[in-house]
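Now for the letters of each chain:
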Amino acid sequence: MGSVAMDSDYGAPRELSPLQKARALYRPEPPPCLQGTTVTVEYGDAAIAADNDAHVISHAFPHTYGQPLAHFLGKTANVPDASIITEHPVVRVGIVFSGRQSPGGHNVIWGLYDAIKAHNSNSKIIGFLGGTDGLFAQKTMEITDEALSSYKNQGGYDMLGRTRDQIRTTEQVKAAMATCQALKLDALVIIGGVTSNTDAAQLAETFAEFKCPTKVVGVPVTLNGDLKNQFVETTVGFDTICKVNSQLISNVCTDALSAEKYYYFIRLMGRKASHVALECALQSHPNMVILGEEVAASKLTIFDITKQICDDVQARAQKDKYHGVVLIPEGLVESIPELYALLQEIHGLHNKGVSVENISSHLSPWASALFQFLPPFIRNQLLLHPESDDSAQLSQIEIEKLLAQLVENEMNKRLKEGTYNGKKFNAICHFFGYQARGALPSKFDCDYGYVLGHVCYHIIAAGLNGYMATVTNLKSPVNKWKCGAAPITSMMTVKRWSRGPATSQIGKPAVHMASVDLKGKAYELLRQNSSSFMMEDIYRNPGPLQFEGPGADTKPISLCVEDRDYMGRIKQLQEYLEKVKSIVKPGCSQDVLKAALSAMASVTEMLTILSSPSFSSQATI
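Residues numbered from 1 in each chain as written. Predicted model: local features only at pLDDT ≥ 70, side-chain atom pairs only at ≥ 80, totals over all residues. Heavy atoms only, no water.

Looking at an unreviewed UniProt entry, one finds the chain named Pyrophosphate--fructose 6-phosphate 1-phosphotransferase subunit alpha, with Sorghum bicolor as its source organism. Listed in UniProt under the heading Function (unreviewed entry), the comment for the chain reads: "Regulatory subunit of pyrophosphate--fructose 6-phosphate 1-phosphotransferase." (UniProt positions renumbered as here; feature names shortened; annotations may be inferred.)

What follows is the structure in structure tokens.
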């Protein structure tokens, strides 16, 4: 028997099952642009935020805003302006988990370790134990091949652990800087999602301001899949979470079809964005899925949603179907207008110091009426203190149980009134959340995490600060992946909100969560199939995660149907512009010059209109 790691034994060898041992032998292969011992960097134009108020971001990040995009090229690339780095001095790099555990996170450490050692065997990686709290307290362990051996291609974050997940306050930033200076770190790699990478950007800015030599690098790792933008196609962990949940959902679908008498209401993790629910629906084909973005866009109330589900139940009953599966994202509670307003009022009272026992008596009349209407179990959950980012404890609010109860009440009412002639409605509720967080990662997430670790070293070798490691063209095989880095500030937006008819406030720049695009191809695919999903029980089971055979190389459907290779298209545009410059030069014919001027005038006019603030604001309405 091998030794078993206890909760506090960070980095202790795990006892691995035969399957885990076989997984540990799999070694991801980095794409050609990351192979060899030379780092070749091609710098693009300055990457600016796609926000109408870019000046707000540039003002908040004067030292790190407007830095160029970086593309890492293979040793055979022939790019005249590329920077070629052949000298690789000893470096000391710190690494910290700063977000909820996401399958594939350990492979980021492994990829970084292999890249660092390949370029200089004397370089070191120092892991911070217990997440950001360990960073502040300087609790460390050196990453070695022996320590990594039982964590390669495995789930969880237990090699290093995680805790508070933030580097936000002045004291926390000072403590992080003190640690980096005391340990003489050349770089600090922060693994996490939107909040963690926002913190990484602020830390990079502060380090630059105070001339701290440590470079800060962010890595997009979050199970929610909500760190998506023009530079980041998806995050490490999202594929695994969706595949594991889809198998669980499919198992439930088969059970529902076998018993033919239960409706299952399944809540999925995903915070405010419904990416997990959308992907799982595309993979498993449940009868219904309620996306938070749909609800918010249509301003549906809890009663609208209840009626919608009841009407679908009634339609299925007309085909003698008295079973079904309904997917619900955990963030739905914040997408329903009246529940969100109630939550905001409760959180405001929390901030004023009103005790939980007295909050209900301090609510406004409308909020009090809604609060009293809700079942006792949901009232208690809504009263929970908000999390550190001031959001509700969504994992603790059983919105699926509330919907199931409301639907059951309405169907029983219809049964009594004679407007529904079917059988009694029976509901079973599940929350598929924590079951998937520690799952063994998919092959895609193993490869993706490992490659991002390599990219981190390339960023460090290039001396870049405040950048996020990026990999694009992910729906293609690994050997066609394109690797680079983008300034985190270029991914930021500024949230605005109104307080009264003439007042507008601007929030702090941040990397904000990306919602499901209701005009995107993934959502369109769901809508095209929603009627058949609802009525025909075409349940689909993707099965368990595979490293070999059918299904081993599958990737998220929502990734594959979208065309998100932004960096590749930027590169393609640059190539077109170079071709134009080579064709249209002194000595070309009048016809060529005339055609070029006409085409460029038309293109310039169109792009000017598309990029104007007024057009952008209309497009978001």
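### Here we look at the pairing of strand E8 (residues 215-220)
With 5 of 6 residues buried, E8 is to be regarded as a mostly interior element. The pairing of strand E7 (residues 187-192) with E8 spans 6 bridges and is classified as parallel. Among the inter-strand pairings, Gly192 is bridged to a residue of E8, identified as Pro220. This β-α-β element, E7 to helix H7 (residues 194-209) to E8, shows right-handed connectivity. When E8 meets strand E13 (residues 467-472), the two strands line up parallel, connected through 2 bridges. Opposite Gly218, over in E13, you have Met468 as the bridge partner. (Buried < 20%, exposed > 50% of the residue type's maximum accessible area, 1.4 Å probe, protein only. Helix = DSSP H or I, 4+ residues; strand = E, 2+ residues; numbered from the N terminus. Pairing = 2+ DSSP bridges. Right-handed = clockwise from strand over helix to strand, strands pointing away.)

### Quick look at a nonpolar patch on the surface
On the surface, a nonpolar cluster with roughly 450 Å² of combined accessible area is contributed by Leu573, Tyr576, Leu577, Val580 and Met600. Here the element with the most residues in the nonpolar patch is helix H22 (residues 566-583); it accounts for 4 residues. Within the secondary structure, Met600 sits in helix H23 (residues 590-610). (Patch = residues over 30% accessible without salt bridge, like charges linked within 9 Å, V, L, I, M, F, W, Y side chains within 5 Å. Areas by Shrake-Rupley, 256 points an atom, 1.4 Å probe, with all protein chains shown as cover. Salt bridge = Lys/Arg side-chain N within 4 Å of Asp/Glu carboxyl O.)

### Some thoughts on the sheet that holds strand E11 (residues 324-329)
The 4 strands lie next to each other as E10-E11-E9-E12, forming an open sheet whose pairing is parallel. Across the chains shown, the open sheet's two edge strands, defined by having one partner strand only, are strand E10 (288-289) and strand E12 (427-432). Against the sheet, helix H8 (residues 238-259) contacts strand E9 (263-268), E11 and E12, and its axis sits at roughly 170° relative to E9. (Contact = heavy atoms within 4.5 Å. Axes fitted to C-alpha atoms, helices over the stretch in contact; angles between N-to-C directions.)

### With respect to the packing of helix H11 (residues 302-317) against helix H17 (residues 399-417)
Two elements in contact, H11 and H17, have axes whose closest approach is 9 Å; the angle formed by their N-to-C orientations is 60°. With respect to their mutual orientation, H11 and H17 come out oblique. Here H11 and H17 pass one another in a crossing that is right-handed. Along its contact with H11, which presents Ile302, Ile305, Thr306, Lys307, Ile309, Cys310, Asp311, Val313 and Gln314, the element H17 presents Ile399, Leu402, Leu403, Leu406, Val407, Glu410, Met411 and Arg414. A class-by-class count of the residues in the contact of H11 with H17 yields 11 nonpolar, 2 polar and 4 charged. (Parallel < 35°, antiparallel > 145°, perpendicular 65-115°, else oblique. Left-handed = near helix turned anticlockwise from the far one by under 90°. Nonpolar A, V, L, I, M, F, W, Y, C, P; charged D, E, K, R; others polar.)

### Looking at the domain arrangement of the chain
When its domains are assigned, the chain resolves into domain 1 (25-237 + 441-498), domain 2 (238-438 + 516-536) and domain 3 (565-610). The straight-line distance from the C-alpha centre of domain 1 to that of domain 2 is 35 Å. Of the residues lining the interface, 21 residues belong to domain 1; the matching set on domain 2 comes to 16 residues. Of all residues in domain 1, Arg100, Leu223 and Asn224 bury the most surface against domain 2, accounting for 37% of the area lost on that side. Applying the counting criterion to the domain 1 and domain 2 interface returns 0 salt bridges. Between domain 1 and domain 2 we count 7 residue pairs in polar contact (both at pLDDT 80 or more) in total. Within the side of domain 1 that touches domain 2, the residues separate by chemical class into 5 nonpolar, 11 polar and 5 charged. (Domains from an automatic or database assignment. Buried area = accessible area lost by both parts, 1.4 Å probe. Polar contact = N/O pair within 3.5 Å; in protein donor to acceptor, adjacent residues only side chain to side chain.)

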